[in-house]
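Now for the letters of each chain:
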Amino acid sequence: MKVGLVIGDFAWTGGPARIADTLAEIAQSADDAGFSLLGVGDHVWQGPHAGGPESPMLECFSTLTLLAAHTRRIRLAPIVAGVHFRHPGMLAKTVTTLDVLSGGRAMLGLGVGWYEDEARGLGIPYPSLADRFAMLEETVQICHRMWDGEQGDERPYEGAHYRLERTLNLPQSITRPHPPILIGGGGEKKTLRLVAKYADACNLYPGPDLPAKLDVLRGHCEAEGRDYDAIEKTVIFPFDVGADGAQAGELTDMLRGLAALGVDTAMGIIGGPDPVRTVEIVGKKVVPAVADA
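Within each chain, residues carry numbers counting from 1 in the order of the written sequence. Side-chain atom pairs in this predicted model are given and counted only at pLDDT of 80 or more, local residue features only at pLDDT of at least 70, and totals for whole chains, interfaces and linings cover all residues. The basis for every side-chain value is the complete set of heavy atoms in the structure, and neither hydrogens nor water enter the calculation.

Visitor: Describe the sheet that holds strand 1 (residues 2–7), listing the residues and the values that go with them.
Guide: Strands sit in the order 3-2-1-11-10-9-8-5-4 across an open sheet of nine strands; the sheet is parallel. The outermost strands of the open sheet, each flanked by one partner alone, are strand 3 (75–78) and strand 4 (81–82). Should DSSP find at least two bridges between two strands, the strands are taken to pair. Numbering of helices and strands runs from the N terminus; a helix is a DSSP stretch of H or I covering at least four residues, while a strand is a stretch of E covering at least two. Note: strand 5 (residues 108–111) against strand 8 (residues 181–184), three bridges, orientation parallel. The partner of G109 across the bridge, within strand 8, is L182. Contacts were defined at the residue level, with two residues in contact if any of their heavy atoms lie within 4.5 Å. Working convention: axes come from line fits to C-alpha atoms, limited for helices to the stretch in contact. Angles between N-to-C directions cover 0 to 180 degrees. Across the face of the sheet, helix 1 (residues 16–33) comes into contact with strand 1, strand 2 (37–40) and strand 11 (265–270) while running at roughly 175° to strand 1. With respect to the sheet, helix 5 (residues 129–146) is in contact with strand 5 and strand 8, its orientation differing from that of strand 5 by roughly 155°.

Visitor: Quick rundown of the nonpolar core? Include the residues and the values.
Guide: In this description, a nonpolar core means a group of buried Ala, Val, Leu, Ile, Met, Phe, Trp, Tyr and Cys residues linked to one another through side-chain atoms lying within 4.5 Å. Buried, partly exposed and exposed residues are distinguished by accessible area as a fraction of the type maximum, computed with a 1.4 Å probe on protein chains only: under 20%, between the cut-offs, and over 50%, respectively. Counting 78 residues, the largest nonpolar core has I7, F35, L38, L67, L136 and L255 as its most contacted members. Top contributing element to this core by residue count: helix 5, with seven residues. The residues contacting L38, other than those within four sequence positions of it, are L5, I7, I26, A27, L64, L67, I74, R75, L76 and A77. In this structure, L37, I79, A201 and I236 belong to the second largest nonpolar core, which totals nine residues.

Visitor: Any details on helix 6 (residues 191–198)? Residues and values, ideally.
Guide: The element helix 6 is extensively covered by neighbouring structure, given that six of its eight residues are classed as buried. Looking at helix 6, one finds that the buried residues are T191, L192, L194, V195, A196 and Y198. Its buried side turned inward, helix 6 meets helix 5, strand 8, strand 9 (201–204) and helix 7 (210–224).

Visitor: Explain the layout of surface pockets to me, using residue names and the numbers behind them.
Guide: Method remark: on a 1 Å grid restricted to protein atoms, a set of points is classed as a cavity if a 1.4 Å probe fits but cannot get out and as a pocket if it is open with protein on both sides within 12 Å along at least five of seven lines; lining residues have an atom within 4 Å of a point. Grid points are joined across faces, edges and corners, and a volume is the space filled by probe spheres set on the points. Taken as a whole, the largest pocket spans an internal volume of roughly 830 Å³. Along the walls of the largest pocket sit 38 residues, with H43, I79, W114, Y205 and I236 positioned nearest its centre. A total of three residues in the lining of the largest pocket trace back to one element, the largest contributor, which is strand 10 (residues 232–238). Broken down by class, the residue content of the lining of the largest pocket amounts to 21 nonpolar, 14 polar and three charged. Throughout, the ten residues Ala, Val, Leu, Ile, Met, Phe, Trp, Tyr, Cys and Pro are labelled nonpolar, Asp, Glu, Lys and Arg are labelled charged, and all others, Gly among them, are labelled polar.

Visitor: So what's going on with unusual backbone geometry? Which residues, and what values?
Guide: Cis geometry is adopted by the peptide bond preceding V80, which originates at I79 and carries an omega value of -10°. Within the secondary structure, V80 is located in the loop between strand 3 and strand 4. Cis geometry marks the peptide bond from L170 to P171; its omega dihedral reads 0°. Here E154, not a glycine, exhibits a phi torsion of approximately 70°, which is positive. By the element assignment, E154 lies in the loop between helix 5 and strand 6 (157–158).

Visitor: Mind laying out the pattern of salt bridges, listing which residues take part and the relevant values?
Guide: Each salt bridge in this description consists of a side-chain nitrogen of Lys or Arg and a carboxyl oxygen of Asp or Glu lying within 4 Å of one another. As enumerated under the stated definition, the model contains 17 salt bridges in all. Among the salt bridges present, the one from D42 reaches R86, with a minimum N-O distance of 2.8 Å. In this pair, D42 is assigned in the loop between strand 2 and helix 2 (60–69) and R86 in the loop between strand 4 and helix 3 (88–101), connecting sequence segments 44 residues apart. Note on accessibility: D42 and R86 belong to one class, buried. One salt bridge in this structure joins R193 and E137, with 3.9 Å as the shortest N-O distance.

Visitor: Help me get a handle on the packing of helix 5 against helix 6, residues and values and all.
Guide: To describe two helices that pack against each other, one gives the angle between their axes and the distance between the axes. The interhelical angle for the contact between helix 5 and helix 6, taken along N-to-C directions, is 10°, at an axis separation of 11 Å. Our classification of the angle between helix 5 and helix 6 gives roughly parallel. Contacts between helix 5 and helix 6 pair F133, L136, E137, V140, Q141 and H144 from the former with T191, R193, L194, K197 and Y198 from the latter. Its residues placed into classes, the contact of helix 5 with helix 6 shows five nonpolar, three polar and three charged. Here is the rule for angles: anything less than 35 degrees is roughly parallel, anything more than 145 is roughly antiparallel, 65 through 115 is roughly perpendicular, and the remaining ranges are oblique.

The structure is reproduced here in structure tokens:
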């Protein structure tokens, strides 16, 4: 099993003046310890689960660029980019830029979003859920076009929500045929169908319904003519290793159980005042212990 990290909390010791240094330390520690992915939550306000709007939150892709500068091998991704935040052409260009500047390590995590208050608060359009699902499908189609060939397929795109006159993309992404696309969410009728039709990875929660969700995904893959095994199965949840790693064994056992269900990558949300210490503990005690799972 592979292990990834997701940064979603920036309320760290030292305050804003230390955030960049702390991010660099997290990145370097994760890269050295063999984590497979380093992700950043895509919000403009902090979510209610981590202190709410009055707690610090950084813009996702700016943060990923800093992380890229302090790493050499780990994958980098928004987990996950809200489809309502960026026009698809600009999103594809942004991910391409991250891929080029990181030497081919970008991944696009994408979802319909859920945090209406932050969008309304900053004047960002927040369409209905049905519209956001339609926007998600069009966004993936546009990204595929822009990542096609040496400079995008350049054909116009006409959708219900987006119109592009020329899907040109230069420089083209280093990752070929394109940066992997992960679609987040476990909706059985829409989200997992879109995963089967377009995506390279899914992102689910490790609850008791996980086996059923994977079975639904398998069914959608059969209907779409996709190889179920070719889709990376990821889960996301907070990593808690306790004081000085006292609960690292419990986390290891949980990850091994998830691997037995067919999960390829576990993404741990890290928080607390000293995230570097958490990364070091998980990197030393958990990552090598599940490498053969």
